[in-house]
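Chain residues, written in single-letter form:
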Amino acid sequence: MPKRVLVVATRNRGKIEEIRSFLSGFDVEIRSMDDFGPIPQPVEDGGSFEENAYKKASHTAKMLGFPALADDSGLVVESLGGEPGVYSARYAGAGATDEANNRKLLSAMEGMANRKAAFKCVISIAVPLGPALTYEGSCEGEIAPGPRGENGFGYDPVFYYPPLEKTFAEMTAEEKNAVSHRGRAMKELRSEFDKVLVWLKQRLGD
Ligand code: IMP
């Protein structure tokens, strides 16, 4: 029997390889958007990570006719009322660099005693028609007084994780994956993936 195809709704090679390795051993063929021609992109204008992840997964599944997986993530800062949240990638404006986003965050946090923050990640798996499955992961930490470390991307240099006494940018990829929002959501997905395959079979009727 041919393997179940699951399209990962991203062109980010790092993410695709990460998902391939998390789901290795399961009877599934992970395809990337690069295995297909160009398709219109959905507008990521949802008010929550769940909504955006679902939009991306469902749109991709509908366009390509295969089940699709998408994730959406970002940083939620308690004393900023949850900002930057779904605007994490464009906090300092459309097309903002990571440095600009970090600068804006650090200046918004100036003088704030409560520096609690969490990274959140939602993974959605959708079929061409109907509902989706959702997996979530989060990682709690604090906004550091200034950037530290050279690794990672995005807000990693300003996200301090107290249990390891390091920012995410001071961690190795392995250290970060073991505790990060995305790593935790992926682990949850992997632990349930047998059930996901059964769910897909039922929904797709094959
Ligand atoms: P995406 O949903 O994975 O595209 O992430 C949206 C934005 O959230 C990114 O552009 C980053 O600014 C931020 N972000 C998400 N995950 C991480 C992370 O692991 N480290 C640092 N920043 C992150």
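Residues numbered from 1 in each chain as written. Predicted model: local features only at pLDDT ≥ 70, side-chain atom pairs only at ≥ 80, totals over all residues. Heavy atoms only, no water.

Enquirer: How do you make sense of the environment of Phe193 when you look at a structure like this?
Expert: The topology assignment puts Phe193 in helix H6 (residues 193-204). Relative accessible area serves as the criterion here: at 0%, Phe193 is assigned to the buried category. Residues Phe193 and Asp27, spaced 166 residues apart in sequence, show a C-alpha to C-alpha distance of 9.9 Å. Contacts of Phe193, omitting those with residues within four sequence positions, involve Leu6, Leu23, Phe26, Val28 and Ile125. (Helix = DSSP H or I, 4+ residues; strand = E, 2+ residues; numbered from the N terminus. Buried < 20%, exposed > 50% of the residue type's maximum accessible area, 1.4 Å probe, protein only. Contact = heavy atoms within 4.5 Å.)

Enquirer: Looking at this model, I keep getting lost on the pattern of salt bridges. Mind explaining?
Expert: Two side chains bearing opposite charge may form a pair once their charged atoms approach each other closely. One pass over the structure, following the stated rule, counts 13 salt bridges. Linking Lys15 and Asp71 is a salt bridge whose minimum nitrogen-to-oxygen distance equals 3.0 Å. With Lys15 in helix H1 (residues 13-22) and Asp71 in strand E3 (residues 68-77), this residue pair connects regions lying 56 residues apart in the sequence. Take Asp71: its relative accessible area is 10%, and that puts it in the buried class. (Salt bridge = Lys/Arg side-chain N within 4 Å of Asp/Glu carboxyl O.)

Enquirer: Which parts of the structure should I look at to understand the pairing of strand E5 (residues 132-143)?
Expert: When a strand is regular, its side chains alternate between the sheet's two faces. Here strand E4 (residues 116-126) runs beside E5; their pairing, made up of eleven bridges, is antiparallel. Residue pairing in the sheet places Ile125 in a bridge with Leu133 of E5. A loop of five residues connects E4 with E5, the two strands running antiparallel in sequence, and Gly130 in this loop sits at a positive phi of about 110 degrees. (Pairing = 2+ DSSP bridges.)

Enquirer: Before we go on, may I ask you to explain the nonpolar core in this structure?
Expert: Grouped burial of nonpolar side chains is what soluble globular proteins tend to show. Grouped together as the largest cluster of nonpolar side chains are 24 residues, with contacts concentrated most on Leu23, Ile125, Leu189 and Phe193. Sorting the residues of this core by element identifies strand E1 (4-8), H1, strand E2 (28-32), E4, E5, helix H5 (181-191) and H6 as the ones contributing at least two each. A total of five residues in this core trace back to one element, the largest contributor, which is H6. Contact partners of Leu23, with chain neighbours within four places excluded, come to Leu6, Val28, Ile30, Leu189, Arg190 and Phe193. Within the second largest apolar cluster, 18 residues are counted, among which are Val77, Tyr91, Val158 and Val179. (Core = buried A, V, L, I, M, F, W, Y, C linked by side-chain atoms within 4.5 Å.)

Scope: geometric values only; no functional claims are made or implied.
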